[in-house]
Amino acid sequence: MITLYHLPLSPNSRRVWITLIEKGLDFQLVEVNLGGDQFKPEFLAMNPFHHIPTLVDDGFNVIESLAILDYLEAKYPTPAMLPKDAKDLAVVKMVELVSVNELLPALTPIMAVIFDLPKQDPEAIEKSKTKINTVLKFFADKLENRPYFGSDNITLADVVAGTIVPWLPQAGISLDEYPQLKTWCDRITVRSSWETTQTTPEMIVDFKKLLMSRQS
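Read on for a plain summary of the structure. (Residues numbered from 1 in each chain as written. Predicted model: local features only at pLDDT ≥ 70, side-chain atom pairs only at ≥ 80, totals over all residues. Heavy atoms only, no water.)

**Points about the side chain of S151**
At step 1: Relative to the helices and strands, S151 is located in the loop between α6 (122-143) and α7 (156-162).
At step 2: Of the polar contacts made by the side chain of S151, one reaches the backbone nitrogen of N153; its length is 2.9 Å. (Helix = DSSP H or I, 4+ residues; strand = E, 2+ residues; numbered from the N terminus. Polar contact = N/O pair within 3.5 Å; in protein donor to acceptor, adjacent residues only side chain to side chain.)

Given below as structure tokens:
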């Protein structure tokens, strides 16, 4: 049995959740309250770094979301979510890593805008927007005219980028300059896996409270 320990609003968690759904796997979800659950001995026994997501598959613990995705692809290869062609595979991996290492960190100052927090840093926000637009141009170039990154079918790159990019308009970052990327965004967000894992207003309120507590 597969168990995913997660926080629904976390893009790191959601990318694993979506992949489990896209692969049609049976799994159970355990929500982790980051107000302290992550430091409990039973959770630290699975993940000593007290992070989510953490996946347990028949007693085998996997941490770090990208490692979890690669594990799921290797153990449950149908449907395939990584292309075989070397260049296509490179596109997928580049998009995954740029999403995690460039786009997600750039969103930190933007979170204050998305969740309407009282403390905002206009200078940091503008720098973030510049970085984010560099990422979006890179994504648009790598998408080319294909429906998904590196493939005609959904890949892990779509899952990783697709749990971040749809949030950008809420921060005032338009996708209008990148029409093929906007079309891609519209395409993936209507998939049942995205709709199933969509955040609820209650989740957003709870996450805002968590962010505000960290600002104080």
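So that's the structure; there's more coming.
**Structural notes on the packing of aromatic side chains**
Each aromatic ring pair is specified by the distance between its two centres and by the angle formed by the two planes.
At step 1: As enumerated under the stated definition, the model contains five aromatic pairs in all.
At step 2: The interplanar angle of 35° and the centroid separation of 5.6 Å between the aromatic rings of F60 and Y71 together place this pair among those described as tilted. Within this pair, whereas F60 is found in strand β4 (residues 60-63), its partner Y71 is found in helix α3 (residues 65-75), the two being separated by eleven residues in sequence.
At step 3: On the basis of relative accessible area, Y71 is assigned to the buried category, the value being 17%.
At step 4: One aromatic cluster is present, built from ring pairs that chain together F138, F139, F149 and W184.
At step 5: Between R187 and the ring centre of Y148, over which it is positioned, the NZ or CZ distance is 5.9 Å. (Phe/Tyr/Trp six-rings, centres within 6.5 Å; stacked < 30°, edge-to-face > 60°. Buried < 20%, exposed > 50% of the residue type's maximum accessible area, 1.4 Å probe, protein only. Lys NZ or Arg CZ within 6 Å of the ring centre and 35° of its normal.)

**Some points on α3**
At step 1: Buried residues of α3: S65, L66, I68, L69, Y71, L72 and E73, and no others.
At step 2: Against α1 (11-22), β3 (54-57), β4, α4 (86-106) and α7 lie the buried residues of α3. (Contact = heavy atoms within 4.5 Å.)

**Regarding the nonpolar core**
At step 1: Counting residues in each nonpolar core, the largest one holds 58 residues, and the members touching the most others are F139, F149 and V165.
At step 2: Only β1 (2-6), α1, α3, α4, α5 (111-114), α6, α7 and α8 (179-189) provide two or more residues apiece to this core.
At step 3: Excluding anything up to four places from it in sequence, F139 contacts V95, V98, S99, L103, F149, A161, V165 and L181.
At step 4: Counting seven residues, the second largest nonpolar core, distinct from the first, contains L7, F43, I52 and V56. (Core = buried A, V, L, I, M, F, W, Y, C linked by side-chain atoms within 4.5 Å.)

**Describing unusual backbone geometry**
At step 1: The step from I52 to P53 runs through a cis peptide bond, and the omega angle for that step is 5°.
At step 2: For P53, the location among the structural elements is in the loop between α2 (41-44) and β3.
At step 3: For the peptide bond that leads from T78 to P79, omega is -5°, which places it in the cis range.
At step 4: Its place among the elements puts P79 in the loop between α3 and α4.
At step 5: Unlike most non-glycine residues, D58 shows phi in positive territory, near 50°.

**A closer look at the side chain of N47**
At step 1: Structurally, the position occupied by N47 is in the loop between α2 and β3.
At step 2: Overall, N47 belongs to the buried group, its relative accessible area being 2%.
At step 3: A polar side-chain atom of N47 sits 3.0 Å from the main-chain carbonyl oxygen of H51.
At step 4: Excluding its chain neighbours within four sequence positions, the residues that come into contact with N47 are P53, T54 and I63.

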